[in-house]
Amino acid sequence: MNTNDYPVILALEDYVPTLLALGGFWLLGGASATIDRRAAAAGRVGGVLIGLGGVAKSTWKLILSSFGHDLRWLEQSLFPLMAAGALLVLWSLHTTLRGRRAPWWPYALVGVGVAGAALALGSVQPAFVAATTGVTLISVLGAVLAGRRRAWVAVVLFVLGIVAVTSLVPLRNHPEHETLAFQWLEQGTNTLAQAVFLTAALLTVRAARAAGLRPVEVPV
């Protein structure tokens, strides 16, 4: 699709899944609050970083559609912010499942490795891989936490969210991807996926709080 044909309303709608996802990551990142406040604070910061990455990408779309200015640094900040945020949320979730503070250094090593690879290659591809893997693992760990708290609806929703996000891949590779109809379909699917994710996170955190967040031991 020609950038001049990209409607402002579509760019504005792109903020919706971003904010929905931010809510879900914030909730899951802070689920360890009764176990370790530092891990919970880090998890919430991670959720905000993921959200900021999405806001940067949405703002790039809005500026591009409104004024025709292509601020590539806004678009390219998505995956580095998502990758960093995902590592923090994962550490917090690991702490929640473990029942005590999880080791932080493996996550730090992964972050340093991703940053080093990105600088060496001069590409955001390592951050893209880390970000997509990280947010998927967040849903997986969220489903584990939900299952251990018997929040079965949340488990199903986490799985559905992963399926919905995965379905975006064939949409993006479709020959008609650049058409307006497919852009709406893609964004609508993403919005639905993030709404499902937020609902799953909310149900999971409620179940965990109702159970008093009793420590749940899992293999480290």
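Check the entry above for the structure.
Described in the following lines is the structure provided in the data block.

### A word on the pattern of salt bridges
Inference 1: All told, the structure shown has 4 salt bridges when counted by the stated rule.
Inference 2: One salt bridge in this structure joins R101 and D36, with 2.6 Å as the shortest N-O distance. With a gap of 65 residues between them, R101 in the loop between α5 (78-98) and α6 (105-121) and D36 in the loop between α2 (15-29) and α3 (37-67) connect regions that are remote in the sequence.
Inference 3: On the basis of relative accessible area, D36 is assigned to the buried category, the value being 11%.
Inference 4: Residue R72 is joined to E75 by a salt bridge in which the shortest nitrogen-to-oxygen separation is 3.0 Å.

### So, the environment of A195
Inference 1: Its place among the elements puts A195 in helix α10 (residues 180-210).
Inference 2: Remark: the alpha-carbon pair of A195 and L19, spanning 176 residues in sequence, is separated by 9.5 Å.

### Here we look at unusual backbone geometry
Inference 1: Despite not being glycine, R150 shows a phi value in the positive range, around 60°.
Inference 2: Mapped onto the fold, R150 is located in the loop between α7 (125-148) and α8 (152-166).
Inference 3: Taking relative accessible area as the criterion, R150 reaches 64% and is therefore assigned exposed.

### Here we look at the nonpolar core
Proteins that are soluble and globular tend to have nonpolar side chains buried together.
Inference 1: One finds F25, L28, I50, I138 and F158 to be the most contacted residues of the largest nonpolar core, which totals 34 residues.
Inference 2: At the level of elements, α2, α3, α5, α7, α8 and α10 are the ones that each hand at least two residues to this core.
Inference 3: Considering every element that reaches this core, the biggest residue donor is α5, with 10 residues.
Inference 4: Leaving out residues up to four positions away in the same chain, F158 has contacts with L28, S139, G142, A143, A146, F197, A200, A201 and T204.

### Description of the packing of α5 against α7
Inference 1: Interaxial distance between α5 and α7 falls to 8 Å at its minimum, and their mutual angle equals 25°. By the angle between their axes, α5 is roughly parallel relative to α7. The crossing of α5 and α7 is left-handed.
Inference 2: Looking at side-chain class alone, the contact of α5 with α7 contains 19 nonpolar, 3 polar and 1 charged residues.

Criteria and cut-off values
Residues numbered from 1 in each chain as written. Predicted model: local features only at pLDDT ≥ 70, side-chain atom pairs only at ≥ 80, totals over all residues. Heavy atoms only, no water. Salt bridge = Lys/Arg side-chain N within 4 Å of Asp/Glu carboxyl O. Helix = DSSP H or I, 4+ residues; strand = E, 2+ residues; numbered from the N terminus. Buried < 20%, exposed > 50% of the residue type's maximum accessible area, 1.4 Å probe, protein only. Core = buried A, V, L, I, M, F, W, Y, C linked by side-chain atoms within 4.5 Å. Contact = heavy atoms within 4.5 Å. Axes fitted to C-alpha atoms, helices over the stretch in contact; angles between N-to-C directions. Parallel < 35°, antiparallel > 145°, perpendicular 65-115°, else oblique. Left-handed = near helix turned anticlockwise from the far one by under 90°. Nonpolar A, V, L, I, M, F, W, Y, C, P; charged D, E, K, R; others polar.

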